[in-house]
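Structure assessment
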Amino acid sequence: MRLLDRTGWIADPFVRDGGRPTLVPFAQAESAIAQGDPIGIEIANTTDAGALDPWLGRVDLIAILFPQHRDGRGFSLARQLRERGFAGRLRATGALIPDQFGFALACGFDEVEIDETRAGRQPVEQWLAALAAIDLAYQDSAARPSIFELRRRAA
Amino acid sequence: MYRYDEFDARIVRERVAQFRDQVARRLDGSLSEEEFVQIRQMNGLYLQLHAYMLRVAIPYGTLNSRQTRQLAMIAERYDRGYGHLTTRQNIQFNWPRLVDVPDILDDLADVEMHCIQTSGNCIRNVTADHLAGAAADEIEDPRPTAELIRQWSTLHPEFSYLPRKFKIAVTGATHDRAALAIHDIGIQILYDEDRGGFGYRISVGGGMGRTPMIGKVIRDFLPKEQLLSYLEAVLRAYNLEGRRDNKHKARIKILVHELGLPAFKARVEAIFAGMDRDRIEVDQAERDRIAAYFAPPPFADLPARSEVLEAARRRDPALDLFARTNLTAHKRAGYTALTISAKPVGGVPGDVTADQLRVLADLAETYSFDELRISHMQNAVLPHVRLDDVPAVWARLVEAGLATANAGLIGDIIACPGMDYCKLATARSIPIAQAISRRFADPARAREIGPIGIKISGCINACGHHHVGQIGILGLERQGVENYQITLGGDASEHAALGERLGPGVDAEAVPEVIERIVAVYLETREEGETFADTVRRIGLDPFRPALAAPAPQEGVREAA
Amino acid sequence: MAVKAPSLPAILTANALIDGVVLYAAREGWTERLGEAEVARDADGLARLEAALRAAEAADGVIDPVLVPVALDAAGRIVPDHYRDRIRALGPTVRGDLGPQAAGEHRHVSL
């Protein structure tokens, strides 16, 4: 798997399958936390945001699975987690395309994780170019002020 | 009408540049077709039966002359010299080449137009009453609200990958000319002194397709300053829980139906209660800024009666007929909203040539404060014409083949493109419209029949809105042959209703005769002042069912047209 | 794309990526002419067309490939079975000046 954020490819500090700090499926969260290191949890995009409330202060990374790029539930889930106060790393993992990178960041994701095949077909240059392609938005986000905000400032 | 500021213009340009790059990446293989399909759809580009099809957004159906002339140029330079007006107030071109589309998008951006989100699983063109700003029954012009929603919904990061398409309509009049009841979200502007003035009644879950449904009211009165957050709450509930397992069960109407309105509303209200509205809503200054673009034009003070028009009508029976059918009462004395029918007898409903578009541009510029509207009935409207000018406008329309005096009458048929163009279709729809149109070509007869709405869909996706046609016609296939089911009793207005099937389907050749017989029953049974819709409501479908029976050889059945 | 084997004989149709024009798989490559379409009459022929369909999906020049059943008329000319595919071969039936029919193509195909 390859990991990227708005600067390009980055190293993944989290490790699946038994390393530390560990990234585990949500069901294994409790036992992973017991081991004391920072942990990341991987959740399905159908997870109820409220069910994660007890975990928001205890995990350092939440990775939301995108089973198909057309399935946009992860965008709502990410926004909800941020609204509910999650301040850790938020990762979109799976089937995303570069043209969704800007949307992901605007919804509160910090990073996107894709498999090697995808990374080969859509190298990081495409992801960064897609991000730069549209640098304005009508919607408010942590990523940038909305057009409505820019109008307010210009007035 | 709205004019782009630097931000609106920049986002459209950047979108075009992005699509240009995406096309290049598709051609070099770094984007697969599966990935590209969604992208091209979100830029309005479909693949149809014979070619690509490009759907251009006409926000709330409003155009100026410059834009209209640009559409004419695009039709000629890149397409086959015509465009098609749609049931969502857009225009479609049927023959663009993929490699030309980025240039077409740049030409559109030159006149503040775009194809953003006219297809795909995202929020589509926001439609509104085509008589906005003109109609006598208007409470408030719906277009500032529609424009605000357009901006809020454009490239929305959370709602660009919905389970399915999402359609929003707005009306600001007491009569619903925007078909709110069949939209995913319908927004009715209200005025309530006790509740603080202007607000919105919100309905959800209307739609056509395989399982048509009438929308249900979810909020009686939403204060204006809460609109965007409430829409976000509805969209979020839908994005999270709308079905993604079955394309035909993926609209919000299915979710509302399966949860039941109370449970769905509870979801929405819970999300709404937790939202940070300051982050989402715009301030009053922005609402005022947008509304200022829709301020009334500088109407002259005119008498209610136009001697010029009256005299011209006495001289010319054809003009007189046109004035009776195609003029609508205006809020300002001495003015009218003039309907330009794109349904000439035997023509393709909604098709207009590049030359005709130029005539419309000229007329809008000269006679209607540079404003043209496209209605969801696939016609055009000049919203603010002086009654004095009607004779001159009509004469130009006659020259251009746009003067058919059939607005709202039997010849004013709504038809989707059907299998002549569309890959999804199960049957053709246009030839059916043409045959009916020719059968009822006599204007006197059409006037005798009075207001009647025929809507034809070429498949179960119902883009022709047949479910809400007073007469609905659905084209299917039976044993390898096109077969047409007739429904009666549909209504797209504030009295929304879904039509009921009259009986078994009939062959294409039989349809005009069946319509003939349905009309005959109406004419025989109607009471004083009853429209077709009134009579159907009063007597029900049973008296009409014999219209489907095959004729016995001995009966003196009229020759098919 | 769905690769449900149609009845035989069958041909393979698609659209050109660049301009959307209707194409048919020929013995070699793709053609706009229905008459040059490769006809699969048996399992081997069908296998060849299916291979072409998969190749089309992987290649960049052709999109939305689909197998359609046809018949051969008395003169041996290809006539698609379904009226949709006949309309596709001709052009919009309401505009004789558009589509292959405008150039007099595929005249033996009728609705």
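Note that the structure is a prediction, hence the values are computed from the model and not measured. (Residues numbered from 1 in each chain as written. Chains lettered and ligands numbered in written order. Predicted model: local features only at pLDDT ≥ 70, side-chain atom pairs only at ≥ 80, totals over all residues.)

1. Quick notes on the interface of chain A and chain B
Counting residues at the interface gives 31 residues for chain A and 35 residues for chain B. Looking at the side of chain A that touches chain B element by element, the count peaks at 5 residues for helix α2 (residues 73–83) of chain A. Residue classes in the side of chain A that touches chain B are distributed as 14 nonpolar, 7 polar and 10 charged. (Contact = placed C-beta atoms within 7 Å. Helix = DSSP H or I, 4+ residues; strand = E, 2+ residues; numbered from the N terminus. Nonpolar A, V, L, I, M, F, W, Y, C, P; charged D, E, K, R; others polar.)

2. Structural notes on the packing of helix α3 (residues 65–78) of chain B against helix α13 (residues 354–367) of chain B
Each pair of packed helices can be summarised by the angle the axes make with each other and by the distance between the axes. Residues and elements named next belong to chain B. Where α3 contacts α13, the axes come no closer than 8 Å and their chain directions differ by 170°. One element, α3, and the other, α13, form an angle in the roughly antiparallel class. Across from Ser-65, Thr-68, Arg-69, Leu-71, Ala-72, Ala-75 and Glu-76 in α3, the residues of α13 making contact are Ala-354, Leu-357, Arg-358, Leu-360, Ala-361, Ala-364 and Glu-365. Classifying every residue of the contact of α3 with α13 gives 8 nonpolar, 2 polar and 4 charged. (Axes fitted to C-alpha atoms, helices over the stretch in contact; angles between N-to-C directions. Parallel < 35°, antiparallel > 145°, perpendicular 65-115°, else oblique.)

3. Points about the environment of Asp-110 of chain B
Considering the arrangement of structural elements, one finds Asp-110 of chain B in the loop between α4 (101–109) and β6 (127–128). Along the sequence, Asp-110 of chain B and Gln-92 of chain B sit 18 residues apart, while their C-alpha atoms lie 18 Å from each other.

4. Here's the deal with the interface of chain B and chain C
Across the contact, 21 residues belong to chain B and 20 residues belong to chain C. In terms of residue count, helix α15 (residues 430–439) of chain B provides more of the side of chain B that touches chain C than any other element does, 3 residues in total. A per-class count over the side of chain B that touches chain C returns 12 nonpolar, 3 polar and 6 charged.

5. Points about the sheet that holds strand β5 (residues 78–80) of chain C
Residues and elements named next belong to chain C. On the basis of which strands lie adjacent, the open sheet formed by 5 strands has the order β3-β2-β1-β4-β5 and antiparallel pairing. Among the strands making up the open sheet, the edge pair consists of β3 (30–31) and β5. As judged from the 2 bridges shared by strand β2 (residues 22–25) and β3, these two strands associate in the antiparallel manner. Bridge pairing in β3 links Tyr-24 to Thr-31. (Pairing = 2+ DSSP bridges.)

6. Brief notes about the sheet that holds strand β14 (residues 372–374) of chain B
Pairing is antiparallel across the open sheet formed by 5 strands, whose spatial order is β3-β14-β15-β12-β11 (chain B). Each of the sheet's edge strands pairs with one partner strand only, and the pair in question is β3 (62–63) and β11 (327–329) of chain B.

7. Focus: the environment of Glu-307 of chain B
All names here are of chain B. With respect to the helices, strands and loops of the structure, Glu-307 is situated in helix α11 (residues 307–315). The class for Glu-307 is exposed, based on 10 C-beta atoms found within 10 Å. When the C-alpha atoms of Glu-307 and Pro-417 are compared, they prove to be 42 Å apart, with 110 residues separating the residues in sequence. (Buried ≥ 20, exposed ≤ 12 C-beta atoms within 10 Å, placed from the backbone.)

8. What about the arrangement of the chains?
Between all 2 pairs of chains that are in contact, chains A and B come out with the most contacts. Left apart from each other, chain A and chain C have a closest C-alpha approach of 13 Å.

9. What about unusual backbone geometry?
Omega for the peptide link from Arg-20 of chain A to Pro-21 of chain A comes to -15°, which places this bond in the cis form. Structurally, the position occupied by Pro-21 of chain A is in the loop between β2 (8–10) and β3 (22–25). The step from Leu-8 of chain C to Pro-9 of chain C runs through a cis peptide bond, and the omega angle for that step is -5°. As for its position among the elements, Pro-9 of chain C is in the segment before β1 (10–16). Unlike most non-glycine residues, Gln-378 of chain B shows phi in positive territory, near 70°.

10. Focus: the domain arrangement of chain B
All names here are of chain B. By domain assignment, chain B separates into domain 1 (6–109), domain 2 (142–292), domain 3 (307–400) and domain 4 (414–548). Summarising the inter-unit geometry, the C-alpha centres of domain 1 and domain 3 are found 28 Å apart. Each side of the interface is counted separately: domain 1 has 22 residues, and domain 3 has 20 residues. Elements represented by at least two residues in the side of domain 1 that touches domain 3 include exactly β3, α3 and β4 (82–85). Looking at the side of domain 1 that touches domain 3 residue by residue, the class counts come to 8 nonpolar, 11 polar and 3 charged. (Domains from an automatic or database assignment.)

11. Quick notes on the pairing of strand β8 (residues 185–192) of chain B
For a regular strand, the rule is simple: side chains alternate between the two faces of the sheet. All names here are of chain B. As paired elements, strand β7 (residues 168–171) and β8 share 4 bridges and run parallel to each other. Paired with Thr-171 across the bridge in β8 is Gln-188. By the bridge criterion, 8 bridges tie β8 to strand β9 (residues 197–204) in an arrangement that is antiparallel. Paired with Gly-186 across the two strands is Ser-203, which belongs to β9. Between β8 and β9, which follow one another and run antiparallel, lie 4 residues, and Gly-196 among them has a positive phi close to 105°.

12. Looking at the confidence of the model for chain B
All names here are of chain B. Scored by pLDDT, chain B has a mean of 96; 98% of the residues are at 70 or more. For the stretch residues 554–561, pLDDT sits under 50, and the model shows 9 contacts to residues farther than four places along the chain or on other chains. This complex was scored by the predictor with a pTM of 0.95 and an ipTM of 0.97. (pLDDT = per-residue confidence, 0-100.)

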